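# Architecture at a glance
Given next are the chains, with one letter for each unit.
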There are 4 protein chains.
Amino acid sequence: MSPFAAIFVPDDLAGALSDGAWLEAMLDAERALVAAEASAGLVPAEAAAALAGVLRAELYDADALARAGRAAGNPVEPLVRAIRAAAGEEHAGFVHLGATSQDILDTAAMLVARRALGLIDGELGGAADACAHLAEQHRETVMAARTLLQQAVPTTFGYKAAGWLVGVVEARARLAALELPAQLGGAAGTLAALGDDGPEVLHLYAERLGLREPILPWHTRRTPLVDLAGALAGAAGAAAKIGRDVVLLAQTEVAEVSEGDGGGSSTMPHKRNPTNAILADACARHARANAGVLFESAVQEHERAAGAWHAEWHALSTLLAATGGAAAAVRRSVEQLQIDAERMRANILDETLSEAHRLGHNVAAPEDYVGAAGVFVDRALALYRQ
Amino acid sequence: MSPFAAIFVPDDLAGALSDGAWLEAMLDAERALVAAEASAGLVPAEAAAALAGVLRAELYDADALARAGRAAGNPVEPLVRAIRAAAGEEHAGFVHLGATSQDILDTAAMLVARRALGLIDGELGGAADACAHLAEQHRETVMAARTLLQQAVPTTFGYKAAGWLVGVVEARARLAALELPAQLGGAAGTLAALGDDGPEVLHLYAERLGLREPILPWHTRRTPLVDLAGALAGAAGAAAKIGRDVVLLAQTEVAEVSEGDGGGSSTMPHKRNPTNAILADACARHARANAGVLFESAVQEHERAAGAWHAEWHALSTLLAATGGAAAAVRRSVEQLQIDAERMRANILDETLSEAHRLGHNVAAPEDYVGAAGVFVDRALALYRQ
Amino acid sequence: MSPFAAIFVPDDLAGALSDGAWLEAMLDAERALVAAEASAGLVPAEAAAALAGVLRAELYDADALARAGRAAGNPVEPLVRAIRAAAGEEHAGFVHLGATSQDILDTAAMLVARRALGLIDGELGGAADACAHLAEQHRETVMAARTLLQQAVPTTFGYKAAGWLVGVVEARARLAALELPAQLGGAAGTLAALGDDGPEVLHLYAERLGLREPILPWHTRRTPLVDLAGALAGAAGAAAKIGRDVVLLAQTEVAEVSEGDGGGSSTMPHKRNPTNAILADACARHARANAGVLFESAVQEHERAAGAWHAEWHALSTLLAATGGAAAAVRRSVEQLQIDAERMRANILDETLSEAHRLGHNVAAPEDYVGAAGVFVDRALALYRQ
Amino acid sequence: MSPFAAIFVPDDLAGALSDGAWLEAMLDAERALVAAEASAGLVPAEAAAALAGVLRAELYDADALARAGRAAGNPVEPLVRAIRAAAGEEHAGFVHLGATSQDILDTAAMLVARRALGLIDGELGGAADACAHLAEQHRETVMAARTLLQQAVPTTFGYKAAGWLVGVVEARARLAALELPAQLGGAAGTLAALGDDGPEVLHLYAERLGLREPILPWHTRRTPLVDLAGALAGAAGAAAKIGRDVVLLAQTEVAEVSEGDGGGSSTMPHKRNPTNAILADACARHARANAGVLFESAVQEHERAAGAWHAEWHALSTLLAATGGAAAAVRRSVEQLQIDAERMRANILDETLSEAHRLGHNVAAPEDYVGAAGVFVDRALALYRQ
């Protein structure tokens, strides 16, 4: 349903969000459950060992599970059936013990998100590095500041890159602050099937998965997804802001930056499309739309939602893909960005400097803005280096 | 990026929206272009014949094109390169003559949409038939009307199904009214490369494709996509409204309808999840979100947008998939819906009838509502039968 | 809650959407109801005459009704109480006879929308006139076409304005095709309280209001609002597309158009902000967001929704205000747009013409594009003049 | 443009978001600027004293400023003109020294948000108190858990209220973590007009306003607004989730809770609409939509955005109003919620307990769930009491 997705989403991220990756994550959750219950004495060691052998992704087919899951409306129900069949009668009863489908799928969502977040952070980190480099290198490169797309007064390109940098640093901080929780609650969230051992199993399960132990199951209290939505849409926005600036600076009539090393086409010497910046913008639109689905779907009924929950899987996966796509595109754009400092200087109209005088700026030339701008460049770089 | 998509989207619709289907559509556009230009005398008959042989989908790989399209930001640029290579030096110059990438992709989008709309309409048609059947069969089945989820006064289930029916009929009418245009404008929308033959080629191109001939190219005037967005989001909403009602009527404490033939599970006799109704709700959320992307992306720069255009492909494809998913789910739900007329009658509280008296209703029993409700049932059925 | 709304919304439209205008519209609905019921013999002529005297807006206070409506969650309930009190014991029983709060509010929404649509259409009409004028005047004004914000090949400003024009013409056609229906269904949509006279009263009621008679009440079948959402968001998009182009063309480094008569400021000779184009963009964002609320709120429960309905009033009103604001801003922008034809010609890079040659354009100078572009300008103007 | 806003928004919050409140906040910013610059020696003490006399809200008219601001596209430009006129020739030059309109409006937005957040937190705090009370009081009140709106296994109402509670506690934590920054950057963000004193003035300005000092100005790096959007939409979602549950539990056929003390209407003994829960749902829809506008508007051009910035004022104000409206409505709903514990117990079907046995729950009666559920209730209450 997503034509030409490879244009937008890096291969590693696409892999991390594939049906296969989701299947792996579901099996990770089932494995952690068995192990936790074995530790708590609810599953015999022998059964646990036997189940380890059937909780392997290569035994199952994600697409077939999706088809089989049409009747139940989720892929866990057929997966558990398949696992039980593979486990044999003796051990089948210890599969998925005390859990409900949503436990496995929500936990899988967090595992998938964690891996994708790592990749997204890598892209954002690369973008930050490149922005920091630009901010440093161009601390003294003067250019016109533009407000409402009109030249205002001079500034430096270092200052502009410093602003991009802080946006990315803040986005990374928001993502790093996310605490992805495990999900385990059983049929109604109370873990009643595990008797008194419920809380202990929840603790061990989360620990094994390296996920946060929640205060109480979050079946229909979707704070974790809402937090992801906000942080990811924010990150996509930070990336798209850079992309927008690059597209504008790369305009034929502005020509202050270009993507690429100038190789371009010998037949189209004047045309060098800022493709990466453009893709960042496109991706951010999908990130926002899918974040919106998660915000909307936070309104869930009783102990399991009839629809809102089911809408989350696609929304989360697409949100992660689109945010990562935006981050990767911007990293590529900024890493290879060619700066035409002479053109930046030359583009500053005389009237722009006159306007600066009118505003009381005590400057004789655009270069006199380096000092004021540089203070902020240094602040941004200090934040980045923390 | 869309985990377990098969749960939500029917196989035929998924096929119609696959990368392969998009590739086919792009080749359809290129083929129509060659043919139109041959008719206009711009492409020699021999070249046209030769090109027909290389404009076949099996010669190209959609995923490889997507990867190759990363640099250009779209899949048409590498496709045209590949076609030209396949065509050989002699005919390469007649490939994609006078066209730009967006011409092919926008036209392909309309072709993909047309096929998907056919499938969606089929699902909605099935849903309408089932609703009409229910409206007729239950013209005299009394039940409680519920406002703000509180019993109000009696009504009939036929009336409720008639309301569903009209919603679906209206949704189909909106979709049927869409006039999908071909796109052909060349580098800047003027078809200048075709000299005086531009308008004639545009006419022939549209005719061959069975698409509407546009007044002028719509590169950055996105009315066709906005129209699709509104009509499809509306259709998804009509489907989800039915789904919502089914979920509510199927609640354990209401138990007036159920999906399926009552087989259910011998171990869970009291539990029969209205899965189809639930999936309709989930799908409609994605339909709305992606319609939103299309509305947002209607604001496009100059003669080709830097990002907004690129965001449309995924949005349109997902919108079609999600709307079709909602329609199919509701069709399945309504086709198999089990109505418990006795329970409907029994659920009407005495107070509900008292309230009716207080409101001046001149009725002695719920059955006395059949007349008033029936007038509207008949109107709905008449509309349906038109 | 909308700071500085007057910046964005024309005074007449703000008035048409004010609390007072909504109150007027609610009373229009109540008046039409009494009149229709009098015609049908359900209300004595004497009572109808007496009620006409108390169904006047100056007798009620919209803000007080809103406060009084907190308990019921809508303003009609306290309004009806107030009308009954004003009518006196003798006639109170004939107030709001057989109707429910939603009947009055939904009908009022259609009346408010109709008046606002008239004003919006006026703004769009003015914008169309101005675009047509530009298209005609600049049929031979050559400029660079820009794809992905890079110069592509030459085109004419007349062609660009023709594209804007068709967008507005199509938007107006969508709005003109809307058929706003009256709403009357009583407690559960069956008009049961009116006995056999229900359909006749519905017919007369709609006729009196000049609204379409619906097939059946649309309490929770929100096609009319979904249709409004799509058409209005589309119109806002058409306006914002023009605004975006104006902002880009007005950039300091492009300087091909400017808003205003060139007076500008003697102290800021180089700065002339395209304020109207900017406001159009801002308004369109709100139009889209509120259209989204209407699409989402189309999923309504049973015979009256618990929340989705209540969200519509603000969404519809803001959608109308924002779309009208966008239309008015664009009208002002385009009406006063200053075109610098020399600059347009001078901005065309030599490489742009070289590129055209490379693409096979048989042209010697930008002026040679006037012909191909002009064909489409003429088509657009013919559509406009229909 | 927002009909009957008083139904949805508490009076104190409406006041905090009024045009007058925004005007006050703009003047607070101008006052802080003069004071900071006086401390830094840029404004003479005498001028500062004189300006204090004219930086008072009663001297200006918010609506007139909005009208006057149409030409500039913002209300600060006419306000500064008016202040300068009031200040007289001698001191006019010290008004707004080194600042740009966006500095004042962005800072005002943070001041308005801070005050509104205080009120919203108060409402959420009240809701949390009420939820905690319910969780404690009903630690042993058994009821059916419902998944996909079907009875699953028993749980307790205390557990459900504990889930609501944690949602609200988390929402408050997100809001409390927001660090609202001051904005001051001058024409292009570098504070160049203040020479070397820029950073010191920024520091003093933020300090005086009690806002965070930003690393660098955030003219077009909208992290603060994106953070607000995420946290507020999340809070609205937490409120709406409670509202949804209340609406569902209050259904005639479920009848486990009701709003109010049972006063209701003697003529409608069976009807008690959960109005507050309904309003929470409606408000949350607007919160989400306006959060979406802020996320979209984070993509801002260069040093001041042409439209995205202008869209923020309405979006932020409406987002705060709607979130506060949702919070207040839920507080009222939960504070007065009547729990019918007997009905909760009675509604549990025999099959529900049978299902529990099938799932391996070692229980004889619904009451046997109190223990497992209670563990989580205690965890939630401990979090709340922290």
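Everything numeric here is computed off the predicted structure, so don't read it as measured data. All residue numbers here refer to positions counted from 1 along the written sequence of the relevant chain. Throughout, the order in which chains and ligands are written sets their labels, letters from A for the former and numbers from 1 for the latter. Predicted model: local features are reported for residues with pLDDT of at least 70 only, side-chain atom pairs are reported and counted for 80 or more only, and whole-chain, interface and lining totals are derived from all residues. Where side-chain values are given, they derive from all heavy atoms of the structure, hydrogens and water being excluded.

### Details of the overall build of chain A
- Numbering of helices and strands runs from the N terminus; a helix is a DSSP stretch of H or I covering at least four residues, while a strand is a stretch of E covering at least two. Scanning chain A for helices and strands turns up 14 helices and 4 strands.
- For chain A, the spread of C-alpha atoms along the three principal axes comes to 85 × 45 × 35 Å.
- Throughout this description, buried means an accessible area under 20% of the type-specific maximum (1.4 Å probe, protein chains only), exposed means over 50%, and partly exposed covers the range between. Relative to its full complement of 386 residues, chain A shows a buried share of 68%.
- Partitioning the contacts of chain A with sequence separation of at least 6, the portion at a separation of at least 24 is 80%.
- Computed with a 1.4 Å probe, the accessible areas rest on the Shrake-Rupley method; for each residue, only the protein chains presented here act as cover. In the form shown here, chain A has an accessible surface area of approximately 11,200 Å², with 49% of it arising from carbon and sulfur atoms.
- Taking the 31 positively charged and 48 negatively charged side chains of chain A as two groups, their mean positions are separated by 5 Å. Throughout, a contact is declared for two residues whenever any of their heavy atoms are within 4.5 Å. By the counting rule applied here, Lys and Arg register as positive and Asp and Glu as negative, while His and the ends of each chain are not counted. Charged groups are reduced to one reference atom each: NZ for lysine, CZ for arginine, CG for aspartic acid, CD for glutamic acid.

### So, the pairing of strand β1 (residues 142-147) of chain B
- Counting buried positions along β1 of chain B yields 6 of 6 residues, so the element is predominantly enclosed.
- Hairpin connection, β1 of chain B to strand β2 (residues 150-156) of chain B: the antiparallel pair is bridged by 2 residues, and L148 of chain B has positive phi, about 55°. By this definition, two strands are paired if DSSP reports at least two bridges between them.

### Overview of the packing of helix α6 (residues 101-137) of chain D against helix α7 (residues 157-176) of chain D
All names here are of chain D.
- Between α6 and α7, the shortest axis-to-axis distance is 8 Å and the interhelical angle comes to 160°. Classified by the angle between their axes, α6 and α7 sit roughly antiparallel to one another. The two elements α6 and α7 cross, and the hand of that crossing is left-handed. Residue-level inspection shows L117, I120, D121, L124, G125, A128, C131, A132, L134 and A135 of α6 in contact with α7, the latter providing F157, G158, A161, A162, W164, L165, V168, R172 and L175.
- Broken down by class, the residue content of the contact of α6 with α7 amounts to 15 nonpolar, 2 polar and 2 charged. For helices, the fitted line uses only the C-alpha atoms of the stretch in contact; every axis is such a line through C-alpha atoms, and the angle between N-to-C directions lies from 0 to 180 degrees. Note on angle classes: values under 35 degrees are labelled roughly parallel, values over 145 roughly antiparallel, values of 65 to 115 roughly perpendicular, and the remainder oblique. Each crossing is labelled by how the near helix is turned from the far one, with a counterclockwise turn of less than a right angle marking it left-handed and a clockwise turn marking it right-handed. As a working rule, the residues Ala, Val, Leu, Ile, Met, Phe, Trp, Tyr, Cys and Pro are called nonpolar, Asp, Glu, Lys and Arg charged, and the rest polar, with Gly in that last group.

### Some remarks on the packing of helix α6 (residues 101-137) of chain C against helix α14 (residues 370-385) of chain C
All names here are of chain C.
- Where α6 meets α14, the axes come as close as 10 Å, and the angle between the chain directions of the two elements is 150°. Overall, the two elements α6 and α14 adopt an arrangement that is roughly antiparallel. Viewed along their axes, α6 and α14 form a crossing whose handedness is left-handed. Facing A128, D129, A132, A135 and E136 of α6, the residues of α14 in contact are V377, L381, Y384 and R385.
- In terms of residue class, the contact of α6 with α14 is made up of 6 nonpolar, no polar and 3 charged.

### Comments concerning the relation of the copies chain B and chain C
- If you rotate chain B by 180° and push it 0.0 Å along the axis, it lands on chain C with an RMSD of 0.0 Å. Read as a symmetry element, the transformation amounts to a two-fold axis. No C-alpha of chain B lies nearer the rotation axis than that of G230 of chain B, which sits 2.3 Å from it.
- The residues that chain B uses at the interface reappear at the interface of chain C in 99% of cases, marking a shared surface. The copies were overlaid by least squares, fitting only the C-alpha atoms of residues that reach a pLDDT of 70 or more in each copy.

### Looking at the interface of chain B and chain C
- Listed by partner, the interface residues are 72 residues for chain B and 71 residues for chain C.
- Buried surface area refers to the total accessible area, computed with a probe of radius 1.4 Å, that the two partners give up upon joining, counted for both partners together. Taken over both partners, the interface formed by chain B and chain C buries close to 6,100 Å², and the fraction arising from carbon and sulfur atoms is 65%.
- Sorting the residues of chain B by area buried against chain C places V299, H302 and F376 of chain B first, and these three jointly supply 12% of that buried surface.
- It is helix α9 (residues 223-249) of chain B that contributes the most residues to the side of chain B that touches chain C, 13 residues altogether.

### So, the pattern of salt bridges
- Any carboxyl oxygen of Asp or Glu that lies within 4 Å of a side-chain nitrogen of Lys or Arg is treated as forming a salt bridge with it. Under the definition given, this model contains 116 salt bridges over all chains.
- In this structure, K160 of chain C engages D245 of chain C in a salt bridge whose closest nitrogen and oxygen atoms are separated by 3.8 Å. Of this pair, K160 of chain C sits in helix α7 (residues 157-176) while D245 of chain C sits in helix α9 (residues 223-249), and the two are 85 residues apart along the sequence. Per residue, the accessibility class of K160 of chain C equals that of D245 of chain C, and both read buried.
- Ionic pairing is found between D121 of chain D and R172 of chain D, a salt bridge with its closest N-O pair at 2.9 Å. Note that D121 of chain D is positioned in helix α6 and R172 of chain D in helix α7, a separation of 51 residues in sequence.
- Of the residues examined, D121 of chain D reaches a relative accessible area of 27% and is grouped as partly exposed.

### Some words on the relation of the copies chain D and chain A
- Laying chain D over chain A is done by rotating through 180° and shifting 0.0 Å along the axis; what remains is an RMSD of 0.0 Å.
- By residue overlap, the copies meet face to face through one surface: 100% of the interface positions of chain D are interface positions in chain A.

### So, the interface of chain D and chain A
- Counting residues at the interface gives 71 residues for chain D and 71 residues for chain A.
- Counting every contact that joins chain D to chain A gives 10 salt bridges.
- Between R174 of chain D and D227 of chain A there is a salt bridge whose closest N-O contact spans 2.6 Å.
- Whenever a nitrogen or oxygen atom comes within 3.5 Å of another N or O atom, the pair is scored as a polar contact, on the condition that within protein one atom can donate a hydrogen and the other can accept it, and that pairs from neighbouring residues in sequence are kept only if both atoms are in side chains. Summed over the shared surface of chain D and chain A, the number is 32 residue pairs in polar contact (both at pLDDT 80 or more).
- For the side of chain D that touches chain A, the elements supplying multiple residues, two or more each, are β1 (142-147), β2 (150-156), α7, α8 (198-209), α9 (223-249), α10 (275-296) and α14 (370-385) of chain D.
- When grouped by side-chain class, the residues that make up the side of chain D that touches chain A number 38 nonpolar, 16 polar and 17 charged.

### Details of the packing of aromatic side chains
- Two aromatic rings from Phe, Tyr or Trp, using only the six-membered ring of Trp, form a pair when their centres are within 6.5 Å; if the ring planes differ by under 30 degrees the pair is stacked, by over 60 it is edge-to-face, and anything between is tilted. Applying the stated criterion across every chain yields a total of 22 aromatic pairs over all chains.
- Plain terms: the ring middles of W309 of chain D and W313 of chain D are 5.0 Å apart, the flat faces sit at 85° to each other, and that makes the pair edge-to-face. Highlighted residues: W309 of chain D and W313 of chain D, both in helix α11 (residues 308-335), separated by 4 residues, approximately one helical turn. Take W309 of chain D and W313 of chain D: they sit in the same class, and that class is buried.
- In textbook terms, an aromatic cluster arises when at least three aromatic residues are bridged by ring pairs, as seen for F8 of chain A together with W309 and W313 of chain B.

### Focus: helix α3 (residues 45-54) of chain B
Residues and elements named next belong to chain B.
- The complete set of buried residues in α3 reads A47, A48, L51 and V54. Angularly, the buried residues of α3 cover 115° about the axis, an arc narrow enough to put them on a single face. When the buried face of α3 is taken as reference, the exposed residues oriented beyond 90 degrees from it are A45, E46 and A49.
- Against α2 (19-39) and α5 (76-92) lie the buried residues of α3. Arc definition: it is the arc formed by the directions from the helix axis to the C-beta atoms.

### Topic: unusual backbone geometry
All names here are of chain B.
- Not every positive phi belongs to a glycine, and L149 is a case in point at roughly 65°.
- Structurally, L149 can be placed in the loop between β1 and β2.
- In the Ramachandran plot, A255 falls in the positive-phi region, its phi being about 55° despite a non-glycine side chain.
- One can find A255 in the loop between α9 and β3 (257-258).

### Observations regarding the confidence of the model for chain A
Residue and element names in this part refer to chain A.
- Per-residue confidence from the prediction method is given by pLDDT, with values spanning 0 to 100. Considering every residue of chain A, the mean pLDDT works out to 95; 97% of them sit at 70 or more.
- Scored below 50 in pLDDT, residues 262-269 makes 6 contacts in the model with residues more than four places away or belonging to other chains.
- For this predicted complex, the interface confidence score (ipTM) comes to 0.97, while the overall pTM stands at 0.98.

### Thoughts on the state of the cysteines
- Disulfide: a pair of cysteine sulfur atoms within 2.5 Å of each other. On inspection of all chains with the given rule, the structure shows 0 disulfides over all chains.
- In this structure C131 of chain B is a free cysteine whose sulfur lies 17 Å from that of C283 of chain B, the closest cysteine sulfur available.

### So, helix α7 (residues 157-176) of chain B
- One less than the residue count of a helix, multiplied by 1.5 Å, gives the span that helix is expected to have. The end-to-end C-alpha distance of α7 of chain B, which contains 20 residues, comes to 28 Å, matching closely the 28 Å that a straight helix rising 1.5 Å per residue would cover.
- In terms of residue burial, α7 of chain B counts as a mostly covered element, since 16 of its 20 residues are buried.

### Details of the pairing of strand β1 (residues 142-147) of chain C
- Taken together, the 5 bridges between β1 of chain C and strand β2 (residues 150-156) of chain C define a ladder with antiparallel strand orientation. Counted as the bridge partner of V142 of chain C is T156 of chain C from β2 of chain C.

### Quick word on the environment of L33 of chain C
Residue and element names in this part refer to chain C.
- Along the chain, L33 falls in helix α2 (residues 19-39).
- Residue L33 is classed as buried on the basis of its relative accessible area of 0%.
- For L33 and A173, which are 140 residues apart along the polypeptide, the C-alpha to C-alpha distance reads 31 Å.
- Excluding anything up to four places from it in sequence, L33 contacts H96, L97, A99, L184, V201 and Y205.

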